[in-house]
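Here are the chains, one letter per residue:
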Amino acid sequence: MIFWKTIDVADHERVLLYVRDQFKRVLGPGRHYVSTLEGKVRQETYDITAVVFTHAKERFLLSHYQEELEPYLEQFSLKDTEVGLLYRDNRLVDVLAPGSVFTAWKGVEDIRVDIIDIDSQYQLDSTLVGLLGRGVKIGQSREIVNAIVYAEIADEHVGLLLVNGKLEKILPSGAYGFWKYNRSIMVKTIDLRLQALEVSGQEILTKDRVSLRINLTASYTIKDPKTVFSKVNDYAGFVYRELQLSLREAVGAQSLDALLEDKDSLNTAITHCTREKLAEYGIRLMGVGVKDIILPGDMKQILNRVVEAQKEAEANLIKRREETQAMRSLHNTAKMMENNSVLLRLKELEALERVTGQIGNISVYGGLDGVLNDLVKLAPNKL
């Protein structure tokens, strides 16, 4: 069989037969005899268990030899605004990009491509979000990674959906997926929970030109995420700067004594100055508190001496007040005893009792009458 070429094709194989580099037909399983009289015979053998048919001139072959190839190959072609979901035996395995062509061998697996128009609807439904977003069903497909934007919005957060740089809508908490093809998709997350901010170590001059270092704490929440995004680049930094400026303004309008006497007035002044400004940008100021007012070392010593002098003056005043009250009491007692001899004698005996209580022995001359009349004499004898 000099003028014949024998080609054996296995059950899982298909052969594309070329004569003088022109496609002739597809050879199925079995033994085939091909004449070589017409010219050089060439064959391309494919393992159809791979399912996918790939060829450098795939589009040309399928368009020019559709009648010969249609019994063996199935082709899916997508428009530039369409995405294909590739199913093999009812299992989602991959995503086909817009404008792509997918060709598969028939009779090996049940191949299905669900086509989705993403021209206007670019958000994935909840079922596809679970399958494609987490990649549980499709593994580590590179095409899936390039195809969608997957975002999870936690509780007490919102997402800002940006399409081609434009804010489209606010996303509540949940899981979302969006097709990236033909557009730029971005999801930014904003925390709606209470935020704490520290404004520390601010060197400020008071109205009487005393240098202070003040530590301030504040809390705030995001009231309007859309306004915050459209008007403020860095909202945390913006809140910090506004509090810093309000603190300087409030401290500069008061003297040191006024600040030390009433720190709550400083909190009120800062809150009043800042709250309205932040509200214009969608931020709600919840509270402001001055943590520490730190004085320079020399000023601290001066204030300590002032406090010490004030306390000493208060102590002297109290002492003089008590002495005056005691003298007034003694004067009143003396006036009462001056006109009452019995009361005077009782005071004398009271004094005698206190004296005798402090000694161990006492010698008495003249009997009890001497004790009562001669031992203690506080008043002089009247002539």
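Above this note sits the structure.
The sections below set out a description of the structure shown in this document. (Residues numbered from 1 in each chain as written. Predicted model: local features only at pLDDT ≥ 70, side-chain atom pairs only at ≥ 80, totals over all residues. Heavy atoms only, no water.)

## A look at the pattern of salt bridges
Phase 1 of the analysis: Under the definition given, this model contains nine salt bridges.
Phase 2 of the analysis: Of the charged contacts, one joins Arg 42 and Asp 21 as a salt bridge, the two residues approaching to 3.2 Å between their closest N and O atoms. In this pair, Arg 42 is assigned in strand S5 (residues 41-47) and Asp 21 in the loop between strand S2 (13-19) and strand S3 (22-27), connecting sequence segments 21 residues apart.
Phase 3 of the analysis: Residue class for Arg 42 comes out partly exposed when judged on its relative accessible area of 29%.
Phase 4 of the analysis: With its nearest N and O atoms 2.8 Å apart, the salt bridge here joins Arg 193 to Asp 191. (Salt bridge = Lys/Arg side-chain N within 4 Å of Asp/Glu carboxyl O. Helix = DSSP H or I, 4+ residues; strand = E, 2+ residues; numbered from the N terminus. Buried < 20%, exposed > 50% of the residue type's maximum accessible area, 1.4 Å probe, protein only.)

## Quick notes on a nonpolar patch on the surface
Phase 1 of the analysis: On the surface, a nonpolar cluster with roughly 610 Å² of combined accessible area is contributed by Ile 2, Phe 3, Trp 4, Tyr 33 and Leu 37.
Phase 2 of the analysis: With respect to the helices, strands and loops of the structure, Ile 2 is situated in the segment before strand S1 (4-9). (Patch = residues over 30% accessible without salt bridge, like charges linked within 9 Å, V, L, I, M, F, W, Y side chains within 5 Å. Areas by Shrake-Rupley, 256 points an atom, 1.4 Å probe, with all protein chains shown as cover.)

## Quick look at the side chain of Thr 103
Phase 1 of the analysis: Following the sequence through the fold, Thr 103 ends up in strand S9 (residues 101-105).
Phase 2 of the analysis: The buried category is assigned to Thr 103, whose relative accessible area is 1%.
Phase 3 of the analysis: Reaching out from Thr 103, the side chain makes a polar contact with the side chain of Glu 58 at a distance of 2.4 Å.
Phase 4 of the analysis: Here Thr 103 is in contact with Val 51, Val 52, Phe 53, Glu 58, Leu 62, Leu 73, Glu 74 and Gln 75, once residues within four sequence places are set aside. (Polar contact = N/O pair within 3.5 Å; in protein donor to acceptor, adjacent residues only side chain to side chain. Contact = heavy atoms within 4.5 Å.)

## Observations concerning the side chain of Thr 227
Phase 1 of the analysis: By the secondary structure assignment, Thr 227 is in helix H5 (residues 225-231).
Phase 2 of the analysis: The class of Thr 227 is buried, set by a relative accessible area of 17%.
Phase 3 of the analysis: In contact with Thr 227, other than residues within four places in its own chain, are Val 232, Glu 280, Tyr 281 and Gly 282.

## Concerning the sheet that holds strand S17 (residues 211-222)
Phase 1 of the analysis: Sheet architecture is open: three strands sit in the order S16-S17-S18, paired in antiparallel fashion. Edge positions in the open sheet fall to strand S16 (195-205) and strand S18 (283-294), since each of these has one partner strand only. When strand polarity is set aside, the average angle formed by the axes of neighbouring strands in this sheet is 20°.
Phase 2 of the analysis: Across nine bridges, S16 lies against S17 in antiparallel orientation. Bridged to Gln 195 within S17 is Tyr 220.
Phase 3 of the analysis: Its contacts with the sheet put helix H6 (residues 235-252) on S16, S17 and S18, and the angle it makes with S16 is roughly 40°.
Phase 4 of the analysis: Contacts from helix H8 (residues 263-279) reach S17 and S18 within the one sheet, and its direction differs from that of S18 by about 150°. (Pairing = 2+ DSSP bridges. Axes fitted to C-alpha atoms, helices over the stretch in contact; angles between N-to-C directions.)

## Here's the deal with unusual backbone geometry
Phase 1 of the analysis: Despite not being glycine, Asn 164 shows a phi value in the positive range, around 55°.
Phase 2 of the analysis: Residue placement: Asn 164 occurs in the loop between strand S12 (157-163) and strand S13 (166-171).
Phase 3 of the analysis: A relative accessible area of 53% means that Asn 164 is categorised as exposed.

## Quick notes on the packing of H6 against H8
The angle between the axes and the distance between the axes are what describe a pair of packed helices.
Phase 1 of the analysis: One way to put it is that H6 packs onto H8 with a least axis distance of 9 Å and a crossing angle of 140°. Classified by the angle between their axes, H6 and H8 sit oblique to one another. Considering only the axes of H6 and H8, their crossing is right-handed. Between H6 and H8, the contacting residues are Phe 238, Val 239, Glu 242, Leu 243, Ser 246, Leu 247, Glu 249, Ala 250 and Val 251 on the first element and Leu 266, Ala 269, Ile 270, Cys 273, Thr 274, Lys 277 and Leu 278 on the second.
Phase 2 of the analysis: Residue classes in the contact of H6 with H8 are distributed as eleven nonpolar, two polar and three charged. (Parallel < 35°, antiparallel > 145°, perpendicular 65-115°, else oblique. Left-handed = near helix turned anticlockwise from the far one by under 90°. Nonpolar A, V, L, I, M, F, W, Y, C, P; charged D, E, K, R; others polar.)

## A look at the pairing of strand S7 (residues 82-88)
Phase 1 of the analysis: Here S7 lies mainly inside the structure; six of its seven residues are buried.
Phase 2 of the analysis: Relative to strand S10 (residues 111-117), S7 runs antiparallel, the two sharing seven bridges. Within S10, the residue paired with Tyr 87 across the bridge is Arg 112.
Phase 3 of the analysis: In terms of strand pairing, S7 meets strand S8 (residues 91-96) through five bridges, oriented antiparallel. Counterpart to Leu 85 in the pairing with S8 is Val 95.

## Focus on the packing of aromatic side chains
Phase 1 of the analysis: One pass over the structure, following the stated rule, counts ten aromatic pairs.
Phase 2 of the analysis: Measuring from ring centre to ring centre gives 6.5 Å for Tyr 122 and Phe 178, while their planes differ by 45°; the resulting arrangement is tilted. Of the two residues, Tyr 122 sits in the loop between S10 and helix H3 (126-133) while Phe 178 sits in strand S14 (residues 174-179), which places them 56 residues apart along the sequence.
Phase 3 of the analysis: Overall, Tyr 122 belongs to the buried group, its relative accessible area being 16%.
Phase 4 of the analysis: What makes Phe 178 buried here is its relative accessible area of 0%.
Phase 5 of the analysis: Put simply, the rings of Tyr 18, Phe 23, Phe 60 and Tyr 65 touch in pairs and so form one group of aromatic residues.
Phase 6 of the analysis: Of note, Arg 42 hangs over the ring of Tyr 18, and the distance from its end group to the ring centre comes to 4.2 Å.
Phase 7 of the analysis: The ring of Tyr 87 has Arg 112 sitting right over it, with the charged end atom 4.0 Å from the ring centre. (Phe/Tyr/Trp six-rings, centres within 6.5 Å; stacked < 30°, edge-to-face > 60°. Lys NZ or Arg CZ within 6 Å of the ring centre and 35° of its normal.)

## A few points about a negative patch on the surface
Phase 1 of the analysis: On the surface, Asp 208, Asp 257, Glu 261, Asp 262 and Asp 264 cluster together to form a negatively charged patch.
Phase 2 of the analysis: Within the secondary structure, Asp 208 sits in the loop between S16 and S17.
Phase 3 of the analysis: For Asp 208, a relative accessible area of 38% corresponds to the partly exposed category. (Lys, Arg positive; Asp, Glu negative; His and termini not counted. Charge placed at Lys NZ, Arg CZ, Asp CG, Glu CD.)

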